[in-house]
Amino acid sequence: VAVTQNFCARAQFLKIWRHARKGRKKMSKKWLESLKLRHPDLAEMALKCNEDDGFEMKSSSSSKKKRKKRRDRSHSKSRSRSNEREKSSKKRNSDRDEGSDRDLTSKRSKRSV
């Protein structure tokens, strides 16, 4: 069981904002929208901080494109892995079938002796 809690004191807001906007881009964008509604004074501080630091919050469209590329790559990898598993399974089955044929042949030859 894991319990997490995110807390940001007003005294540490700018330090935490700088860290969040760099490391958690999507979360910080949503956080900023929430701040505009609930704590406009902090939202103003965040926007001023971004301006002072020359930090530009990028739009989510580029991250959507990246997600789609990753998803496409992931799907193609899983398809190729699935094909590899299917091939190896067929090979194991054919090896097993050949082995059972050999066993029958060797049993028959032993009986005839």
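The structure we're discussing is the one just above.
The structure reproduced in this document is the subject of the present report.

**Some details on the overall build of the protein chain**
Logical step 1: Across its full length, the protein chain holds four helices and zero strands.
Logical step 2: Starting at the N terminus, the α and β elements of the protein chain follow one another as α-α-α-α.
Logical step 3: Within the protein chain, buried positions represent 12% of all 113 residues.
Logical step 4: Put simply, of all contacts in the protein chain between residues at least 6 apart along the chain, 56% involve residues at least 24 apart.
Logical step 5: As displayed, the protein chain offers around 10200 Å² of accessible surface, 51% of which is attributable to carbon and sulfur atoms.

**Section: the packing of helix α2 (residues 25-38) against helix α3 (residues 40-53)**
The geometry of a pair of packed helices is captured by two quantities: the angle between their axes and the separation between those axes.
Logical step 1: One can describe the packing of α2 onto α3 by two numbers: an axis separation of 6 Å at closest approach and a directional angle of 135 degrees. With respect to each other, α2 and α3 are oriented oblique. Packed against α2, whose contacting residues are L32, L35, K36, L37 and R38, the element α3 presents P40, L42, A43, A46 and L47 at the interface.
Logical step 2: Taken together, the residues of the contact of α2 with α3 break down into eight nonpolar, no polar and two charged.

**Digging into the pattern of salt bridges**
Logical step 1: Inspection of every chain in the model, using the stated rule, returns five salt bridges.
Logical step 2: Notably, a salt bridge pairs D41 with R10, separated by 2.7 Å at the nearest N-O pair. With a gap of 31 residues between them, D41 in helix α3 and R10 in the segment before α1 (13-23) connect regions that are remote in the sequence.
Logical step 3: The exposure class of R10 is partly exposed, given its relative accessible area of 47%.
Logical step 4: Between D53 and R18 there is a salt bridge, with the nearest N and O atoms lying 2.9 Å from each other. Of the two residues, D53 sits in helix α3 while R18 sits in helix α1, which places them 35 residues apart along the sequence.
Logical step 5: Relative accessible area serves as the criterion here: at 38%, R18 is assigned to the partly exposed category.
Logical step 6: Each of the salt bridges in this network shares a partner with another, and the network as a whole consists of R18, R21 and D53.

So, how was this worked out
Residues numbered from 1 in each chain as written. Predicted model: local features only at pLDDT ≥ 70, side-chain atom pairs only at ≥ 80, totals over all residues. Heavy atoms only, no water. Helix = DSSP H or I, 4+ residues; strand = E, 2+ residues; numbered from the N terminus. Buried < 20%, exposed > 50% of the residue type's maximum accessible area, 1.4 Å probe, protein only. Contact = heavy atoms within 4.5 Å. Areas by Shrake-Rupley, 256 points an atom, 1.4 Å probe, with all protein chains shown as cover. Axes fitted to C-alpha atoms, helices over the stretch in contact; angles between N-to-C directions. Parallel < 35°, antiparallel > 145°, perpendicular 65-115°, else oblique. Nonpolar A, V, L, I, M, F, W, Y, C, P; charged D, E, K, R; others polar. Salt bridge = Lys/Arg side-chain N within 4 Å of Asp/Glu carboxyl O.

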